[in-house]
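Given next are the chains, with one letter for each unit.
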Amino acid sequence: MVRRLRMGMIGGGPGAFIGPVHRFAAEMDREIELVAGVFSSDAARSAAAGESYRIDPARAYPSLDAMFAGEAARDDGIDFVSIVTPNHNHLPSARAALAAGLPVITDKPLTATLAEAHELAGLVASAGLPFGVTYTYSGYPLVREARARIAAGEIGTIRKVVVEYPQGWLAGEAVGKQAEWRVDPTKAGLGGCIGDIGVHAFQLAEFVTGLRVTEMLADLGAVVPGRLLDDDCTILLRFDNGQPGGARGVLLASQIEVGELNGLRIRAYGDKGGIVWKQEVPNTLTMHSLDGRTEIIHAGGSQLGPDAASRTRTPAGHPEGYLEAFANLYRDFAALVRGETAPLLPGIADGVRGMTFIDTAVSASRAKAGWVKLEG
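Since the structure is predicted, the reported quantities are computational estimates derived from the model, not experimental observations.

Trainee: What's the story with the sheet that holds strand β14 (residues 372-373) in this structure? I'm lost.
Mentor: Think of a sheet as strands paired side by side through backbone hydrogen bonds, with each pair either parallel or antiparallel. The mixed open sheet is built from nine strands, whose spatial order is β13-β12-β11-β10-β6-β9-β8-β7-β14. The sheet is open, and its two borders are formed by β13 (294-298) and β14, each paired with just one other strand. Judged from the five bridges that link them, strand β12 (residues 281-289) and β13 form a sheet pairing that is antiparallel. Directly across from Thr286, in β13, lies its bridge partner Ile296. Helix-sheet contacts for helix α6 (residues 141-151) involve β6 (158-166), β10 (265-270), β11 (273-278), β12 and β13, and the interaxial angle to β12 is about 20°. Contacting β7 (212-221), β8 (232-240), β9 (247-254) and β14, helix α12 (residues 348-367) runs over the sheet at an angle of about 45° to β7.

Have a look at this one:
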C-alpha cells in the first residue's frame, strides 16, 4: 500500500478560517496527513494550534527554520508544505520550503505583488519541484464538467462570459482577524476585493471557457470610508475566441453587497447554447440550447465525463461542496508529488497569471486608463 504523504502547514493558527479547511480537505481521501507545522509566528500560538490539530507537540514548531531542520532530521519528515498565511507571507514561506527541497501548495493569490510572483516563478523553475495553487472552484466536479463540455463544442463559439462574485461581509467596519488583514495593504498586498475574490472569478472564467482575457477596462473602488484597498470591482473583459473582435465579458466582484454570502456564478454563451454554474448551488449545471431546450446536469450522474466523474465521491442527490472541491485539488497535488500527472491543478503559471490580472486591474483603475492589454 502506498503510504500517506506527510504535510507541513505554514499558517492556520488560532482564529484562522482557512487552515482547518486545508487540513480537512487534504486528509479527506486518506492520501495526506497533517503531521507538522509553523501555525503562527508566535511560538505559544503555534503550539496551541498543533494541539488543536492533534499532532505531536514536538512538531508544532516556532519558526520555519526550526521546522525544516527538525523535519529533515526525521525518518518520517514532511513530504511537502501547504501555505495558508496572509498574502505577504506567501513568497518568504515558499522560498524557504523550496530551498529545503520541498514541494509547495499555496493559497491564492500567489503573492502580495506581481514582482514577488515573478520571483517565485523563477524559484519554482530552478527547484523543479511540484507547485500548486488552491483556486478552489476549479476543483468542483461540475466546473470541470462545464470546462469539458465547452471544450467539446457543446455551446459553440463563445460570444459572452459573465462571472460574478458578490459578498457582503465587508460592507461595514472590518472587524476580526479574517477581515482586518484583508483590508491592510501591508498584509493583503496590492489588491483588496480584487485579490481576495476577484482573482477567483478571473481564474474561473479562463478555466471554464478555455479562453484567455486579452483586454480589460477596470473600475475598482474603496466604497467604505477610510478603506485603503478596493472592496467593489467592475471589469469589462475581452477574450480571444479566435474570431474577429473576440468574446465580450463582464467580471463583477464585491464585498459590500449587503445580504450576499458567497454568490460566485459563471455564465458562458456561445452561438449554439449557454451554460450556467452557481457556487451556492454547486451540484447542478444548467445547459441551454439554441432550440429552446434546457438540460439540468446533476453531480454524481451517469452522464458526467471522466474529469467530473473521477472527482465525485457520492451518488447524485448527495450534496458535495467546498471541502470536497478543496480535497480534489489536494488529490491532484498528491498525484504530482508522487510523480504522476494532474493537468487540471492550477500551478505556478496560473498563479502568475492571477497576479498579472490583479496588478493590471489596480493600476489601470487608478490611472483611469480605459481599455488596457492584459499581458502574459
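Trainee: Hey, could you run me through the nonpolar core in this one?
Mentor: Soluble, globular proteins show a tendency: their nonpolar side chains are buried together. Of all hydrophobic cores here, the largest spans 81 residues; its most connected members are Ile235 and Trp277. At ten residues, helix α9 (residues 193-209) tops the list of elements feeding residues into this core. Counting residues in each nonpolar core, the second largest holds 25 residues, with Leu5, Ile18, Ala49 and Ala327 among its members.

Trainee: Would you mind showing me how to read the pairing of strand β2 (residues 32-38) here?
Mentor: When a strand is regular, its side chains alternate between the sheet's two faces. Most of β2 is tucked away: six of the seven residues are buried. Across six bridges, the pairing between strand β1 (residues 5-10) and β2 is parallel. Along β2, the bridge assignment pairs Leu5 with Ile32. Taken together, β1, helix α1 (residues 18-27) and β2 form a β-α-β motif whose crossover is right-handed.

Rules used throughout
- Residues numbered from 1 in each chain as written.
- Predicted model: local features only at pLDDT ≥ 70, side-chain atom pairs only at ≥ 80, totals over all residues.
- Heavy atoms only, no water.
- Pairing = 2+ DSSP bridges.
- Helix = DSSP H or I, 4+ residues; strand = E, 2+ residues; numbered from the N terminus.
- Contact = heavy atoms within 4.5 Å.
- Axes fitted to C-alpha atoms, helices over the stretch in contact; angles between N-to-C directions.
- Core = buried A, V, L, I, M, F, W, Y, C linked by side-chain atoms within 4.5 Å.
- Buried < 20%, exposed > 50% of the residue type's maximum accessible area, 1.4 Å probe, protein only.
- Right-handed = clockwise from strand over helix to strand, strands pointing away.

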